[in-house]
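Examining the three-dimensional arrangement
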Amino acid sequence: MIHILLIIFIITLFYMSIANRLMTYIKVLALQGVLLFFVVFIQLIEMNPVNLAFILLETIVFKSLAVPFFLSYLLKRNNITREAEPFLPNFVSLVITTAIVVVNILIANAIEDSHLDKIFFVVALSTLFFGLYIIATRRKIITHVMGYMVIENGVFVLSLAIGNEMPLLVNLGIMLDIFASVLILGIFMNKIGDVFKDVDVDQLSNLKDY
Amino acid sequence: MVVIYLLGSVAVVLTLFFSRNKQFVYSLLGLFLVWQTWFTLQACLHFGTTDSVYFTFDSLGILLLITLSIVAVPAAIHSYIYIENHFEPPRSRSIYLASLILLIMAISAGYLSNHIAVTWIFTEITTLSASALIYHHRNKLALEGTWKYVFICAISITFIFIGILFLSLSLQHAGSDNLSFTNLLARSDELNPIWLRLAFLFIFTGFTAKLGLVPMFTAGIDAKDTAPAPAGALLASVLMNLGFVGIFRFYIVIANTPLLHWAQLVVGTSAFLSLFVATVYMLKVKNIKRMFAYSGIEHMGIVMLGIAAGGIGYYAAILHIILHAFVKSTLFFQYNQLYRVFQNKSITHIGNYFKYNPTGAMVLLLGFISSAAMPPSGLFVSEFLIFKSMFDAGQILLLVVVLLLLTMIIWAFGKNIFKVLFVPAEGFNDAHVVRTSPWESLSQFLLLATAVYLGLNPPPIFVQLLKESIILLPH
């Protein structure tokens, strides 16, 4: 069951790599939150119930409700156009995403480890590098924020892999998740949207050496 | 005791954040400096003990904590001068001072922590407080700098977290779940090498955002450029040291495993690339504040070359970061007086500074000599020892290239500084130049003198602390 969920998680990445509209990105992020909710439920069921409830609550409330709602609110408020505007065509994106996943599977196969379910490793690292790829190839600043949220999800999957032995690290991961998201979204919310009207990375090049 | 210190500082930060009265705000700042000094003294008195489980007053932590507490005093004074000259609204003043204190508190606790996750948490807090400082001017440039800094730092703290996860996987092979540095070191033989490699790569990459090395150095440059100079001084000196502490404490662990040579290669490559990048930017930079920031990248590159070379290089690297903190913060403290005269950051519009403020010009000249590591600068001693360690390690080809790059850096730095000091600026009308009191440069002279003294004639206790901080590394 957990493997099916994680494989669906990988498929969401492929879907995201060829999505055109920003709303699709947001929906995929929400779906990833729901998937993570079930993964947490199955993977960490033996954990201390209070802690488990906290983690479940974080995935469902924060990852799949609060952040997507907030992002779509930002889209409307700042009148951001609905296209994602990638630098590369979708086909290339798909090929690169596939390459990322394949390379991670190869790396995971090279590692001999009885302590780690390899599928967690593959999903986590693929998500991480996919997030970095999104950040590098999309033009709008808000897609950078979404790329960062994808990275956070990847890290969360990795922390679940060792969550049973070290619940502390899962909690630390959640702390990072909330802290960084609030900081980034907070700045975006208050300022960037107001100052830079059509929010585009090209506008963030005024700090120069000369 | 650390908990008391943290609680006290947070109380000061919160009170500052909500108070607007001028006298009250400044007296709170003074109170915090006393509090910081008291904490430093207590830390020295309890040398070698572990406090509140997660903090140890070891020699490296103590050395850097004392450095921080020394630099914090002029930072507070210059912040006062800065705010009074800019007629800040009370709210902006309170936020600035509160963030400054939060930054100093987080850096202090980060130095002393003996657990990698705790170091990580305090690194996160420095990102938060630094971003408030960078955003101080609330204009478009400040926003751009803040956004870049926050985004890159968020990615880098995520990287550190991934590194910590890999490290815990590596540690599970040793049958333990305690991530303190002592425990890691005790079990360094049993750590799984594959996970340890991945952990080192991610943690190293993550901390380079604070330390200012390739690949994550860019955010720091924009931050030091847009933050007010007294805050920029902290970002360019003691905050970089926090990045160093994070890498160095983990490096000690990995140096005691068979992966030492691999780790040296990683650190050395990153250090060399940083020096190269610093050279390229130094040659073309025209913004004087960014030039100081790039010079910091150069120095951190040299420090990490010393770490990679090993031997006497370890000792010299720690000496270098301490002296660099004094010298680089001096240059940033002086910057505001320079700006008050010329109202410009660009070197083309600054010139003949000796005519307008001879004392400040002396600071710049001496700061340049110190930063370029010419005798009698203390940095001369540490750089000399680092080059010696590279020579001993047989990296002669690398050393030759590094020396060539350094020559170019000194040429570019010197060209710009002498332009600022002696060549009149084009089209600068000096009818309304503000007189600067020479007393404002006093703290800079003291800091530079400290750097010279510690480099040329280090007191025995200082040498002993330096030696103790590297005692766990293989020789």
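Criteria and thresholds
Residues numbered from 1 in each chain as written. Chains lettered and ligands numbered in written order. Predicted model: local features only at pLDDT ≥ 70, side-chain atom pairs only at ≥ 80, totals over all residues. Helix = DSSP H or I, 4+ residues; strand = E, 2+ residues; numbered from the N terminus. Rg over C-alpha atoms; globule rule 2.2 N^0.38 Å. Buried ≥ 20, exposed ≤ 12 C-beta atoms within 10 Å, placed from the backbone. Contact = placed C-beta atoms within 7 Å. Axes fitted to C-alpha atoms, helices over the stretch in contact; angles between N-to-C directions. Parallel < 35°, antiparallel > 145°, perpendicular 65-115°, else oblique. Left-handed = near helix turned anticlockwise from the far one by under 90°. Nonpolar A, V, L, I, M, F, W, Y, C, P; charged D, E, K, R; others polar. Core = buried A, V, L, I, M, F, W, Y, C linked by C-beta atoms within 7 Å. Expected span 1.5 Å × (residues − 1). Bend = angle between axes of the 7 residues up to and from the residue. pLDDT = per-residue confidence, 0-100.

Scanning chain B from N- to C-terminus turns up 20 helices and 2 strands. Its C-alpha atoms give chain B a radius of gyration of 21 Å, near enough to 23 Å, the size a compact globule of 475 residues would have. In chain B, buried positions account for 59% of the 475 residues.

The helix and strand inventory of chain A stands at 7 helices and 0 strands. Starting at the N terminus and walking to the C terminus, you meet the elements of chain A as α-α-α-α-α-α-α. Radius of gyration (C-alpha) of chain A: 18 Å, near the 17 Å computed for a compact globule of 210 residues. Overall, chain A is about 50 × 35 × 35 Å in size when its C-alpha atoms are taken along their principal axes. Taking all 210 residues of chain A together, 38% fall into the buried category. Sequence-distant contacts in chain A: of pairs separated by 6 or more residues, those separated by 24 or more amount to 72%.

Moving on: the packing of helix α5 (residues 116-134) of chain B against helix α11 (residues 238-255) of chain B. A pair of packed helices is captured by two measures, namely the crossing angle of their axes and the spacing between those axes. Residue and element names in this part refer to chain B. Direction vectors running N to C along α5 and α11 enclose 160 degrees, while the axes themselves pass 11 Å from each other. As far as their axial angle goes, α11 and α5 are roughly antiparallel. The two elements α5 and α11 meet at a crossing, and its hand is left-handed. Along its contact with α5, which presents Ile116, Thr119, Thr123, Thr126 and Ala130, the element α11 presents Leu239, Leu242, Gly246 and Phe250. Of the residues assigned to the contact of α5 with α11, the class counts are 5 nonpolar, 4 polar and no charged.

Right, let's talk about the interface of chain B and chain A for a bit. Residue-level contacts link 34 residues of chain B with 30 residues of chain A. Of all the elements in the fold, those that place two or more residues in the side of chain B that touches chain A are α5, α6 (140-172), α9 (218-226) and α12 (260-284) of chain B. Partitioned by chemical class, the residues of the side of chain B that touches chain A number 18 nonpolar, 6 polar and 10 charged.

Residue and element names in this part refer to chain B. If you look at the biggest cluster of nonpolar residues, it comprises 233 residues, and the most contacted ones within it are Ile101, Leu305 and Ile318. Per-element accounting of this core gives the leading share, 20 residues, to α6. Apart from the residues within four sequence positions on either side, Leu305 is in contact with Gly268, Ala271, Phe272, Ile386, Met390 and Val402.

With that out of the way, let us pick up helix α3 (residues 49-77) of chain A. All names here are of chain A. A rise of 1.5 Å per residue sets the reference length of α3, with its 29 residues, at 42 Å; its end C-alpha atoms lie 39 Å apart and thus fit the reference within 8%. At Phe62, α3 shows its maximal bend, which comes to roughly 35 degrees. Ile55, Glu58, Thr59, Lys63, Val67, Pro68, Leu71 and Leu74 are the residues of α3 that are buried.

Residue and element names in this part refer to chain B. The omega angle of the peptide bond from Val214 to Pro215 is 10 degrees, so this bond is cis rather than trans. Going from Pro375 to Pro376, the amide bond is cis rather than trans, its omega being 5 degrees. Mapped onto the secondary structure, Pro376 falls in the loop between α16 (358-371) and α17 (378-392). One non-glycine residue, Ala373, lies in the positive phi region at around 60 degrees. Among the structural elements, Ala373 can be located in the loop between α16 and α17. Given 24 C-beta atoms within 10 Å, Ala373 falls into the buried group.

Turning our eyes to something else, we now look at the environment of Thr119(B). Residues and elements named next belong to chain B. Within the secondary structure, Thr119 sits in helix α5. Judged by the 25 C-beta atoms lying within 10 Å of it, Thr119 falls in the buried class. Residues Thr119 and Thr49 lie 70 residues apart in sequence; the distance between their C-alpha atoms is 18 Å. Residues within four places of Thr119 in sequence aside, it is in contact with Gly110, Ser113 and Gly246.

Right, let's get into the confidence of the model for chain A. Within chain A, residue pLDDT values average 85, and 92% of them lie at 70 or more. Here helix α7 (residues 167-195) of chain A is the element of chain A with the lowest mean pLDDT, 78, and helix α1 (residues 2-18) of chain A is the one with the highest, 93.

Let us now look at helix α14 (residues 312-342) of chain B. Residue and element names in this part refer to chain B. The end-to-end C-alpha distance of α14, which contains 31 residues, comes to 44 Å, matching closely the 45 Å that a straight helix rising 1.5 Å per residue would cover. When the local axis directions of α14 are compared, the greatest deviation, roughly 25 degrees, occurs at Tyr335. Taken across its 31 residues, α14 has 29 buried, putting it largely inside the fold. Of the residues trailing α14, Gln343 is marked for its positive phi of about 55 degrees.

Right, let's talk about the packing of helix α4 (residues 90-112) of chain B against α5(B) for a bit. Residues and elements named next belong to chain B. Where α4 contacts α5, the two axes come as close as 8 Å, and the packing angle between them is 160 degrees. The orientation of α4 with respect to α5, classified from their angle, is roughly antiparallel. Handedness of the α4/α5 crossing: left-handed. Residues Ile95, Tyr96, Ser99, Leu100, Leu102, Leu103, Ala106, Ile107, Ala109 and Gly110 of α4 touch α5, and the partners they reach there are Thr119, Phe122, Thr123, Ile125, Thr126, Ser129, Ala130, Ala132 and Leu133. When its residues are assigned to classes, the contact of α4 with α5 shows 13 nonpolar, 6 polar and no charged.

Let us now look at the environment of Glu83(A). For Glu83(A), the position within the fold is in the loop between α3 and α4 (90-110). Once the C-alpha coordinates of Glu83(A) and Arg21(A) are considered, the two residues, 62 residues apart in sequence, prove to be 4.7 Å apart.

On to the environment of Ile302(B). All names here are of chain B. Position of Ile302 among the secondary structure elements: in helix α13 (residues 288-309). Residues Ile302 and Gly268, 34 residues apart in the sequence, show an inter-C-alpha distance of 9.6 Å. Beyond its immediate stretch of four places on either side in the chain, Ile302 contacts His320, Glu383 and Ile386.

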